[in-house]
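# Coordinates in review
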Amino acid sequence: MSHQLDFITPSHMALALEKLKNGEVPKDHQWSEYWINHQGRHFQFKYCVELAARETRQEFKTTDFTSNTSSRGFIASLGFHILYKSANANVQSPRYWVAGSQFGTYGAHIDVIHEFLKGRYWQTDHDLTQGEGTKLLEILQEVKLNDRLCIRYFDKKQSRVEIAAIGTVTDLSAIASGKLGIQWDYNPPKYKGAKPSGSGSGNWWKTIFELKKREDIAMIFGEQMGEWRLARLAYNDTGWVEPSGKTGKSTDPSTHEAQFGFGYEEWLFDLGKIIAGYHYGFLEPVRGQPSYVNNEYNVWLYTVHAQTGRRFWAGTIHNVTVIDQEEAEGVYQEYARNHWLTEMEQQVIASGANEDGFSNWVGVNMFNIKFRPENITLNDPYIEIPVDHPVHKIKRYTFAHPMDNMQLIHRSKQGPVSTDGQEEDEVDGEVFSTTYTRPPKIIEIRHLHEKISKALKKLLRSQYGKDKVVTDCNAGYGYHEIDLRIEHAADVFTFVEIKTYNNVKSSIREAIGQLLEYCHYPDQIRASKLIIVSHLPPDAAIEGYMKHLRTCTNLRIYYQHFDLDKGILSKEY
């Protein structure tokens with residue numbers, strides 16, 4: 001029986017993939033849940049099929065067919081690996097897990113791979129309430145949506161492994177019973193050979209473990225794990241949304257920040273400026289380094305207060321692409337058209353820096369990277385790095401590889417304790433103490449707050465009616481104003497507080513106090529529902545936190561993410 005896509009051949013797909021490797025995907029085709037894994041990179045399934053159809057000279061668009069089991073199965077039958085990624089989960093680099101294929105004890109194993117594949121899940125039969133089972137549960141609780149998992153057979157005597165299936169984690173709701181929901185790949189690579197060995201290769205005898213070695217991930221999953229690099233940022237004590245002044249800047253006269261009082265990375269997290277889903281920024285370590293261009297990295301960011309020598313871990317960005325000069329110049333022109341360059345120059349002047357260092361720089365000297373806003377994790381406050389940490393060995397702005405013992409282990413989960421004027425943290429398992437000085441904190445992106453307020457008002461008025469949605473509404477006492485109020489019926493309101501910190505938890509922290517006061521001070525109930533809105537999507541921890549707040553307080557308080565670029569308000573979390 002013929003198939004709707006049977007006019008497409010493997011060579012047509014190969015040509016389409018080659019074009020995608022070297023070109024941009026149009027904005028209206030960037031969203032996808034199914035992807036073709038080709039040479040370690042992922043490409044949108046439906047758009048790739050449309051490009052392949054063009055190679056046949058047929059007019060065939062993504063709207064002409066459905067991405068279903070039949071169409072995906074046909075393309076997979078041509079020799080292509082297709083995988084699933086949830087569009088509702090954070091788009092950060094996944095972790096890679098290896099899991100067993102059998103139930104029972106050694107010598108009495110029962111193969112359950114067929115049940116796993118048919119039911120689209122993986123599960124352990126261990127008792128997770130005692131003994132080794134409790135340790136296994138701790139491992140399972142580290143698994144996140146969109147993580148990748150393979151099922152293995154392991155011949156311990158011969159030290160050989162065989163991969164039976166690969167998939168994407170789609171459901172975490174049954175972790176307490178040892179179960180993960182999995183969407184299995186179409187036509188995945190199925191490695192069969194010697195057991196990987198060495199640091200990061202893991203213990204293949206375990207029920208489930210994380211595979212960390214880049215070479216092993218490429219061999220087992222056929223994917224390229226994002227390469228980690230370290231990058232130093234010019235010091236900024238307000239979260240790199242605008243220049244913060246000369247405090248903490250380098251005094252080395254050869255550096256731009258010493259000469260002019262600011263660095264171009266000081267707008268790195270000004271996420272009010274988005275172009276086709278990406279924010280463009282600057283990292284000094286990749287400037288003038290053509291070997292990094294068009295490559296993708298995960299970047300661990302730190303900063304140094306030049307006067308005190310104190311170092312701080314600022315956060316991370318996943319999937320950072322280093323752009324070429326042509327793209328940088330195009331971005332510069334777009335910034336000019338939007339009057340963003342004028343705004344940035346005014347911020348330089350307001351910070352007390354020298355604007356001469358701004359107006360004379362263009363293109364790739366101002367923009368050399370791009371990333372999606374949802375891929376940042378910014379610490380608030382910054383985390384001070386102890387003096388014995390390896391980062392202290394780096395003296396210049398280099399795009400360095402991570403060193404041994406990079407991990408910062410945060411305060412335990414046992415709860416707050418008194419430190420009598422000192423602060424203790426664990427680093428690599430050891431406790432260190434330093435005299436407490438409040439680390440720098442991130443600030444709101446003020447102009448982004450205004451943009452979201454205007455766009456959200458327009459969207460909600462289209463849903464509830466113009467007279468039902470009011471912005472900057474008096475809270476009912478004093479001179480305090482609610483960002484946005486929705487009237488559902490007589491005296492039935494929702495209060496909305498917009499926050500634009502580049503850390504979702506910070507936005508929630510700042511908004512909760514205001515919303516509670518607006519709603520209840522001094523002895524009132526002015527709103528039936530409270531909403532916190534920011535520009536960043538929540539992760540699983542934030543979703544759980546909001547649910548927990550509602551459970552333990554009985555307040556109807558929710559978080560929503562507003563995508564300014566698309567004009568879409570997420571569901572309530």
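Further up the page is the structure itself.
Rules used throughout
Residues numbered from 1 in each chain as written. Predicted model: local features only at pLDDT ≥ 70, side-chain atom pairs only at ≥ 80, totals over all residues. Heavy atoms only, no water. Axes fitted to C-alpha atoms, helices over the stretch in contact; angles between N-to-C directions. Helix = DSSP H or I, 4+ residues; strand = E, 2+ residues; numbered from the N terminus. Parallel < 35°, antiparallel > 145°, perpendicular 65-115°, else oblique. Left-handed = near helix turned anticlockwise from the far one by under 90°. Contact = heavy atoms within 4.5 Å. Nonpolar A, V, L, I, M, F, W, Y, C, P; charged D, E, K, R; others polar. Phe/Tyr/Trp six-rings, centres within 6.5 Å; stacked < 30°, edge-to-face > 60°. Buried < 20%, exposed > 50% of the residue type's maximum accessible area, 1.4 Å probe, protein only. Lys NZ or Arg CZ within 6 Å of the ring centre and 35° of its normal. 1 Å grid on protein atoms, 1.4 Å probe; cavity = no way out; pocket = protein on both sides within 12 Å on 5 of 7 lines; lining within 4 Å. Points joined across faces, edges and corners; volume = space filled by probe spheres on them. Pairing = 2+ DSSP bridges. Right-handed = clockwise from strand over helix to strand, strands pointing away. Disulfide = S-S within 2.5 Å. Salt bridge = Lys/Arg side-chain N within 4 Å of Asp/Glu carboxyl O. Polar contact = N/O pair within 3.5 Å; in protein donor to acceptor, adjacent residues only side chain to side chain.

## What about the packing of helix 12 (residues 504-520) against helix 13 (residues 540-553)?
Two elements in contact, helix 12 and helix 13, have axes whose closest approach is 11 Å; the angle formed by their N-to-C orientations is 20°. It follows that helix 12 is roughly parallel to helix 13 by the angle criterion. Here helix 12 runs over helix 13; the crossing is right-handed. Here V504, K505, I508 and I512 of helix 12 lie close against helix 13, whose contacting residues are I542, Y545, M546 and L549. For the contact of helix 12 with helix 13, the per-class residue count stands at seven nonpolar, no polar and one charged.

## A few points about the packing of aromatic side chains
Applying the stated criterion to the full structure yields 26 aromatic pairs. Arranged with centres 5.0 Å apart and planes meeting at 70°, the rings of Y292 and F399 form a pair that is edge-to-face. A residue pair is termed long-range when its members are at least 10 positions apart, and Y292 in the loop between strand 14 (279-281) and strand 15 (296-304) and F399 in the loop between strand 18 (376-385) and strand 19 (422-427) qualify at 107 residues. Assigned by exposure class, Y292 and F399 land together as buried. Ring geometry for Y335 against W340: centres 4.8 Å apart, planes inclined by 85°, an arrangement best described as edge-to-face. A residue is classified by how much of its surface remains accessible, and Y335, at 2% relative accessible area, is buried. Ring-pair connections join several aromatic residues into one group, and the members of that group are F7, F45, F60 and F65. Positioned above the aromatic ring of W35 is the side chain of K85, whose terminal nitrogen or guanidinium carbon lies 4.2 Å from the ring centre.

## Observations regarding the layout of surface pockets
A volume near 730 Å³ is recorded for the second largest pocket. What lines the second largest pocket is a set of 28 residues, and nearest its centre among them are H109, R152, W205, K206 and T207. At the level of elements, strand 5 (102-103), strand 7 (121-123), helix 5 (132-140) and strand 8 (148-155) are the ones that each hand at least two residues to the lining of the second largest pocket. Counted by class, the lining of the second largest pocket contains ten nonpolar, ten polar and eight charged residues.

## Re the side chain of Q347
Tracing the backbone through its elements, the reader meets Q347 in helix 9 (residues 340-350). With residues near it in sequence (within four places) discarded, Q347 still touches E242, P243 and W267.

## Here's the deal with the pairing of strand 24 (residues 529-534)
With six of six residues buried, strand 24 lies mostly within the body of the structure. Side chains of strand 24 alternate between two faces, with K529, I531 and V533 and L530, I532 and S534 buried alike. Relative to strand 24, strand 23 (residues 492-498) is paired through five bridges, and the arrangement is parallel. Looking at strand 24, one finds that T494 is bridged to K529. Each parallel crossover has a hand, and for strand 23 linked through helix 12 to strand 24 it is right-handed. Of the pairings in the sheet, the one linking strand 24 to strand 25 (residues 557-563) comprises five bridges and is parallel in character. Bridge pairing in strand 25 links I531 to Y558. Regarding topology, helix 13 serves as the crossover connection from strand 24 to the parallel strand 25, and that connection is right-handed.

## Some thoughts on the state of the cysteines
Applying the stated criterion to the full structure yields zero disulfides. C473 carries a free sulfur, and the closest cysteine sulfur to it, the one in C519, is 13 Å from it.

## Observations regarding the sheet that holds strand 21 (residues 469-474)
Pairing in this open sheet of six strands is mixed, and the strands run 21-22-23-24-25-26 from one edge to the other. With one partner strand each, in any of the chains shown, strand 21 and strand 26 (568-569) form the two edges of the open sheet. Seen against the sheet, helix 11 (residues 446-464) touches strand 21, strand 22 (481-489), strand 23, strand 24, strand 25 and strand 26 and runs at an angle of roughly 5° to strand 22.

## Side note on empty space enclosed by the protein
Tallying each qualifying case throughout the model produces one cavity of 30 Å³ or more. Put simply, the largest cavity is a space of about 70 Å³. If you go around the largest cavity, you meet 13 residues; those closest to its centre are Y264, W267, Y280, M344 and F367. If one sorts the elements of the lining of the largest cavity by residue count, strand 14 sits on top with three residues. Here the residues of the lining of the largest cavity are counted per class, giving nine nonpolar, two polar and two charged.

## Remarks on the sheet that holds strand 2 (residues 41-44)
Reading across the sheet, the three strands line up as 2-1-3 and stay open at both edges, with antiparallel pairing between neighbours. Strand pairing shows two members of the sheet lacking a second neighbour, strand 2 and strand 3 (81-84), which therefore form its edges. Each strand of the sheet is rotated relative to its neighbour by a mean of 40°, with strand direction disregarded. In the sheet, strand 1 (residues 34-38) pairs with strand 2 via four bridges, with the strands oriented antiparallel. Paired with H38 across the two strands is R41, which belongs to strand 2. Those strands touched by helix 2 (residues 45-54) are strand 1, strand 2 and strand 3, and its axis lies near 75° from that of strand 2.

## Details of the pattern of salt bridges
Enumeration according to the criterion identifies 18 salt bridges in this entry. Between R446 and E242 there is a salt bridge whose closest N-O contact spans 2.7 Å. With R446 in helix 11 and E242 in the loop between strand 13 (227-233) and helix 7 (256-260), this pair connects stretches of sequence that are 204 residues apart. Relative accessible area serves as the criterion here: at 52%, R446 is assigned to the exposed category.

## Let's talk about the side chain of Q560
Within the secondary structure, Q560 is located in strand 25. Under the relative-accessibility criterion, Q560 is labelled buried at 9%. A distance of 2.7 Å separates a polar side-chain atom of Q560 from the backbone oxygen of S570. Those residues in contact with Q560 that sit more than four places away from it in its chain are I531, I532, V533, S534, L569, S570, K571 and E572.

## Things to note about the packing of helix 8 (residues 325-337) against helix 9
In the contact formed by helix 8 and helix 9, the axes pass within 5 Å of each other and the chain directions differ by 80°. In terms of orientation, helix 8 lies roughly perpendicular with respect to helix 9. On helix 9, the residues touching Y332, Y335 and A336 of helix 8 are W340, L341 and M344. Grouping the constituent residues of the contact of helix 8 with helix 9 by class yields six nonpolar, no polar and no charged.

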